[in-house]
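# Structure assessment
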Amino acid sequence: QVQLVESGGGLVQAGGSLRLSCVVSGRTFSSAAMGWFRQAPRKEREFVASISWATGYTYYADSVKGRFTISRDNAKNTVYLQMSGLRPDDAAVYYCAATVRNVLTASPQLYNDWGQGTQVAVSS
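Below, the structure is looked at part by part. (Residues numbered from 1 in each chain as written. Predicted model: local features only at pLDDT ≥ 70, side-chain atom pairs only at ≥ 80, totals over all residues. Heavy atoms only, no water.)

With 33 residues, the main nonpolar core has Met-34, Trp-36, Leu-81, Met-83 and Tyr-94 as its most contacted residues. Residue contributions to this core peak at five residues, all from strand S9 (residues 92-99). Not counting residues within four places of it along the chain, the set of residues in contact with Met-83 comprises Gly-16, Ser-17, Leu-18, Leu-20, Arg-67, Phe-68, Tyr-94 and Val-120. (Core = buried A, V, L, I, M, F, W, Y, C linked by side-chain atoms within 4.5 Å. Buried < 20%, exposed > 50% of the residue type's maximum accessible area, 1.4 Å probe, protein only. Helix = DSSP H or I, 4+ residues; strand = E, 2+ residues; numbered from the N terminus. Contact = heavy atoms within 4.5 Å.)

If you want it as structure tokens, here you go:
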């Protein structure tokens, strides 16, 4: 079993930046790739970005491309999401997720483990 703990959320003004972290523990060797998702009130969970542990290859949703950067620190078993140019429509609970599949995917169904989420609020 893999445990995921997110941190770094908070309130930021539009145009500002935040960095989210996701620490992975437990059966970390079973995780091939990581993803960040978000869910705003009354909306479905939405893919944000994913990254491969082994290669560092990344994949982004069009809505965040050029503003958000996903990265990983293999030694610390930690994945980051650097968010810049935040907009009010970026406000959501952000979740990290782990998949055993060696593929970068936007499908939440393909992720095996999820964190509890961290809240991001953006004021206009």
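What follows continues from the structure just given.
This paragraph deals with the state of the cysteines. One pass over the full model with this rule turns up one disulfide. Put simply, Cys-22 and Cys-96 are joined by a disulfide, and their sulfur atoms are 2.0 Å apart. Disulfide Cys-22 to Cys-96: torsion about the S-S bond roughly 55 degrees, handedness right-handed. Of this pair, Cys-22 sits in strand S3 (residues 18-26) while Cys-96 sits in strand S9, placing them 74 residues apart in sequence. Across this residue pair, the class does not change: Cys-22 and Cys-96 are buried. (Disulfide = S-S within 2.5 Å.)

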